[in-house]
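One letter stands for each residue in the lines below.
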Amino acid sequence: MNKGINIIRSTGVPLNIENVDTDQIIPARFLKATSRDGFDKNLFRDWRYEDDDESKPKKDFPLNNPVYKGKILVAAKNFGCGSSREHAAWAIKDYGFDVVVSSFFADIFKNNSLNNFLLPVTVSEKFLQQIFDAIDKNPETELEINLENQIIKLLGSPEGFAEAFDISNYKKTCLLNGYDDIDYLLSLKEDITKYELENKL
């Protein structure tokens with residue numbers, strides 16, 4: 001069973017590029033594997049390396065910049081567009097990210113993320129820019145995501161920037177408890193049995 005998610009406090013890795021599609025997240029040539037492991041090395045593969053050579057990392061790409069680290073990927077608008085490949089969520093999660101923050105996610109990518117214990121947090125354009133500006137000024141800036149209360153905070157700012165975010169109650173329950181769909185149904189076993197007995201089903 002996957003570990004549940006509740007409060008995540010971490011620095012963030014900024015990817016201030018709009019319209020990042022799933023082929024850029026994980027190129028199609030790496031989709032042959034069926035296991036969810038090992039996708040981390042190919043995350044943003046064509047953007048991370050020159051000539052597809054791991055010995056030639058592109059210094060200007062955020063994932064190659066040692067000043068940026070953490071469990072939160074901060075992405076620009078329309079993240080995860082394009083094809084419906086679930087491998088995109090696998091690659092981001094396998095790399096070590098637990099949260100992706102953006103002002104807009106493609107629906108299929110958002111659902112794939114939730115199914116793989118990767119939390120997509122949608123914020124306003126204004127708040128997203130405040131996050132980018134804060135990280136640019138100080139890469140040690142931390143964000144706090146409270147799933148139970150559905151609040152994201154930009155820590156360390158004198159104004160205490162924070163916003164609420166939406167998530168379905170079902171997916172929230174699954175993430176908090178580390179449930180996949182089957183685990184969720186099993187968690188209701190006693191309630192189902194009680195209902196059947198009371199209604200003589």
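1. Considering the overall build of the protein
Alright, step 1. If you tally the helices and strands in the protein, you get 8 helices and 7 strands.
Alright, step 2. Every one of the 201 residues in the protein was classed for burial, and the buried ones make up 42%.
Alright, step 3. The long-range fraction of contacts in the protein, counting pairs at least 24 apart against all pairs at least 6 apart in sequence, stands at 63%.
Alright, step 4. As displayed, the protein offers around 11000 Å² of accessible surface, 48% of which is attributable to carbon and sulfur atoms.

2. Concerning the layout of surface pockets
Alright, step 1. The calculated volume of the second largest pocket comes to roughly 180 Å³.
Alright, step 2. Looking at the second largest pocket, it is lined by 11 residues, and the ones nearest its centre are Lys3, Gly4, Ile5, Lys93 and Asp98.
Alright, step 3. Of the residues that constitute the lining of the second largest pocket, the class distribution is 4 nonpolar, 2 polar and 5 charged.

3. Quick notes on the pattern of salt bridges
Alright, step 1. The full count for this structure, using the stated rule, is 9 salt bridges.
Alright, step 2. Between Asp46 and Arg29 there is a salt bridge, with the nearest N and O atoms lying 2.6 Å from each other. On the criterion of sequence distance, the pair formed by Asp46 in helix H2 (residues 45-48) and Arg29 in the loop between helix H1 (22-25) and H2 is long-range, its members being 17 residues apart.
Alright, step 3. The network of salt bridges with shared partners includes Arg29, Arg45, Asp46, Asp52 and Glu54.

4. A word on the pairing of strand E6 (residues 151-154)
Residues in a regular strand point their side chains to alternate faces of the sheet.
Alright, step 1. Residues of E6 alternate between two faces, with Ile152 and Leu154 buried on one and Ile151 and Lys153 left unburied on the opposite face.
Alright, step 2. Inspection of the sheet shows strand E5 (residues 142-146) paired to E6 by 4 bridges, in the antiparallel sense. The residue of E6 that forms the bridge with Asn146 is Ile151.
Alright, step 3. Between the end of E5 and the start of E6, which pair antiparallel, lie 4 residues, with Gln150 showing a positive phi angle near 55°.

5. Focus on the sheet that holds strand E3 (residues 99-102)
Alright, step 1. Pairing in this open sheet of 7 strands is mixed, and the strands run E4-E3-E2-E1-E5-E6-E7 from one edge to the other. For this open sheet the edge positions go to strand E4 (119-122) and strand E7 (162-164), each flanked by a neighbour on one side alone. Sheet twist, expressed as the average angle between the axes of neighbouring strands with direction ignored, equals 25°.
Alright, step 2. Where strand E1 (residues 7-15) and E5 come together, 5 bridges link them in antiparallel fashion.

6. A closer look at the packing of helix H3 (residues 87-95) against helix H4 (residues 107-115)
Alright, step 1. Relative orientation of the contacting elements H3 and H4 amounts to 50°, with a least axis distance of 8 Å. The angle between the axes of H3 and H4 places the two elements in the oblique class. Regarding H3 and H4, the two cross each other, and that crossing is right-handed. Residue-level inspection shows Ala88, Ala89 and Ile92 of H3 in contact with H4, the latter providing Phe109, Asn112 and Ser113.

The rules behind each value
- Residues numbered from 1 in each chain as written.
- Predicted model: local features only at pLDDT ≥ 70, side-chain atom pairs only at ≥ 80, totals over all residues.
- Heavy atoms only, no water.
- Helix = DSSP H or I, 4+ residues; strand = E, 2+ residues; numbered from the N terminus.
- Buried < 20%, exposed > 50% of the residue type's maximum accessible area, 1.4 Å probe, protein only.
- Contact = heavy atoms within 4.5 Å.
- Areas by Shrake-Rupley, 256 points an atom, 1.4 Å probe, with all protein chains shown as cover.
- 1 Å grid on protein atoms, 1.4 Å probe; cavity = no way out; pocket = protein on both sides within 12 Å on 5 of 7 lines; lining within 4 Å.
- Points joined across faces, edges and corners; volume = space filled by probe spheres on them.
- Nonpolar A, V, L, I, M, F, W, Y, C, P; charged D, E, K, R; others polar.
- Salt bridge = Lys/Arg side-chain N within 4 Å of Asp/Glu carboxyl O.
- Pairing = 2+ DSSP bridges.
- Axes fitted to C-alpha atoms, helices over the stretch in contact; angles between N-to-C directions.
- Parallel < 35°, antiparallel > 145°, perpendicular 65-115°, else oblique.
- Left-handed = near helix turned anticlockwise from the far one by under 90°.

Any link to function would need more than the numbers given here.
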